[in-house]
Amino acid sequence: MRIIVKTVEETQAIAGLLAKNIQPGDTILLNGDLGAGKTTFTQGFAKALGIQRPLKSPTFTLVREYQTMRFPLYHLDVYRLGEEGGADELGLEDYFGREGVALIEWPAFIADLLPQDVVSVTLERVLHDETNQQRVIDISGSGPRSQSIVAAMEK
Ligand SMILES: Nc1ncnc2c1ncn2[C@@H]1O[C@H](COP(=O)(O)OP(=O)(O)OP(=O)(O)O)[C@@H](O)[C@H]1O
Ligand SMILES: [Mg+2]
């Protein structure tokens, strides 16, 4: 699934649509450069689940946990591990595939710890976009569960 959005609000609406189709145990990878909109996307996802307070980026803490009506939401940003390494001893895999839903910024830095069946979201700036607000958002699934989520979003 590929969408071109023109504003933050549109990015967050797509995130909200994903949130509507999510269940406990699902894992979402957020790819894209610095400032592409991964945290902004997560904010829209959280809002759609009824989390009102603003999300803080967990760059230094690696993980922030939020409570929704249905399940805990784990927002991970593992950018820091790209330089420091040492991801294997942190037990981060406990956040994946269990009772909660995890969204992970910079998932490539913990590639060995990730589940097989994940939703991958990639945000990319549009070249020569003078508003600086356009993004191409790609969403795909790597297994049966995640592919069914993407199919439900496309409907
Ligand atoms: N359509 C859009 N979607 C998402 N963000 C947008 C859009 N248009 C403009 N922006 C702006 O781009 C910035 C995206 O920052 P954000 O923190 O979400 O990026 P990030 O991918 O999480 O970066 P980092 O890798 O540093 O964590 C914000 O300032 C946001 O307001
Ligand atoms: Mg971020």
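Residues numbered from 1 in each chain as written. Chains lettered and ligands numbered in written order. Predicted model: local features only at pLDDT ≥ 70, side-chain atom pairs only at ≥ 80, totals over all residues. Heavy atoms only, no water.

Under an unreviewed UniProt entry, the protein has the name tRNA threonylcarbamoyladenosine biosynthesis protein TsaE and belongs to Weissella diestrammenae. UniProt, in its Subcellular location (unreviewed entry) section for the protein, records the words "Cytoplasm". UniProt's Sequence similarities (unreviewed entry) comment on the protein is quoted here verbatim: "Belongs to the TsaE family." (UniProt positions renumbered as here; feature names shortened; annotations may be inferred.)

Participant: In this structure, what is going on with unusual backbone geometry? I would like to understand it.
Facilitator: Negative phi values dominate among residues other than glycine, just as trans dominates among peptide bonds. Of note in the backbone geometry, L62 takes a positive phi value of approximately 70 degrees without being a glycine. Looking at where L62 falls in the secondary structure, it is placed in the loop between α2 (38-48) and β3 (63-67). Its identity as a non-glycine residue notwithstanding, W106 has a phi of 60 degrees, on the positive side. Tracing the chain through its elements places W106 in the loop between β5 (101-105) and β6 (119-125). (Helix = DSSP H or I, 4+ residues; strand = E, 2+ residues; numbered from the N terminus.)

Participant: I would appreciate a short explanation of the site of ligand 1 in the present structure.
Facilitator: The environment of ligand 1 is made up of 18 residues, and the closest members are T11, K38, T39, T40 and Q133. Residue A36 places a main-chain N or O atom 3.3 Å away from an oxygen atom belonging to ligand 1. T40 places a polar side-chain atom, nitrogen or oxygen, 2.6 Å from an oxygen atom of ligand 1. In isolation ligand 1 offers 650 Å² of accessible surface; the protein chains occlude 73% of this area. Secondary-structure elements contributing two or more residues to the shell around ligand 1 are α1 (8-20) and α2. The biggest single contributor to the shell around ligand 1 is α2, with three residues. Looking at the shell around ligand 1 residue by residue, the class counts come to five nonpolar, eight polar and five charged. (Near = heavy atom within 4 Å. Polar contact = N/O pair within 3.5 Å; in protein donor to acceptor, adjacent residues only side chain to side chain. Areas by Shrake-Rupley, 256 points an atom, 1.4 Å probe, with all protein chains shown as cover. Nonpolar A, V, L, I, M, F, W, Y, C, P; charged D, E, K, R; others polar.)

Participant: How do you make sense of the nonpolar core when you look at a structure like this?
Facilitator: With 29 residues, the main nonpolar core has L18, I28, F45, L73, V121 and I139 as its most contacted residues. Listed by contribution, the elements that provide at least two residues to this core are β1 (2-5), α1, β2 (27-31), α2, β5, β6, β7 (135-141) and α4 (144-154). The element best represented in this core is α1, accounting for four residues. Core analysis: the next-biggest nonpolar cluster, separate from the first, contains 16 residues, L62, F96, L113 and L114 among them. (Core = buried A, V, L, I, M, F, W, Y, C linked by side-chain atoms within 4.5 Å. Buried < 20%, exposed > 50% of the residue type's maximum accessible area, 1.4 Å probe, protein only.)

Participant: When you look at a nonpolar patch on the surface in this model, what are you seeing that I'm missing?
Facilitator: Nonpolar side chains collect at one region of the surface, where L34, Y79 and F109 lie side by side and expose about 280 Å² of accessible area between them. Judged by its relative accessible area of 31%, Y79 falls in the partly exposed class. (Patch = residues over 30% accessible without salt bridge, like charges linked within 9 Å, V, L, I, M, F, W, Y side chains within 5 Å. Salt bridge = Lys/Arg side-chain N within 4 Å of Asp/Glu carboxyl O.)

Participant: Please explain the coordination of the magnesium ion (ligand 2) as it appears in this structure.
Facilitator: Between any two of four tetrahedral donors, the ideal angle at the metal is 109.5 degrees; between two of six octahedral donors, it is 90 or 180 degrees. Donor atoms from the polypeptide that coordinate the magnesium ion (ligand 2) comprise T39 (OG1) and E105 (OE), at 2.0 to 2.2 Å from the metal. Here T39, found in helix α2, pairs with E105, found in strand β5; they are 66 residues apart in sequence, far enough to count as distant. Overall, the relative accessible area of 23% leaves T39 in the partly exposed class. (Donors = N, O, S within 2.8 Å, 3.2 Å for Na, K, Ca; no water.)

Participant: Is there a simple way to explain a negative patch on the surface in this structure?
Facilitator: A surface patch of like charges, here negative, comprises D88, E89, E93 and D112. Here D112 shows up in the loop between β5 and β6. (Lys, Arg positive; Asp, Glu negative; His and termini not counted. Charge placed at Lys NZ, Arg CZ, Asp CG, Glu CD.)

Participant: I'm lost on the sheet that holds strand β4 (residues 72-77) in this one. Help?
Facilitator: The pairing of strands in a sheet happens through backbone hydrogen bonds and is either parallel or antiparallel. As summarised here, the arrangement of the seven strands in space is β1-β7-β6-β2-β5-β4-β3, forming an open sheet in which the pairing is mixed. Lying at the two open borders of the sheet, with one neighbouring strand each, are β1 and β3. Averaged over all pairs of adjacent strands, the angle between their axes in this sheet comes to 20 degrees, without regard to strand direction. Bridge count between β6 and β7: seven bridges; the pairing is antiparallel. Paired with V119 across the two strands is G141, which belongs to β7. Against the sheet, α4 engages β6 and β7, with an angle of about 130 degrees to β7. (Pairing = 2+ DSSP bridges. Axes fitted to C-alpha atoms, helices over the stretch in contact; angles between N-to-C directions. Contact = heavy atoms within 4.5 Å.)

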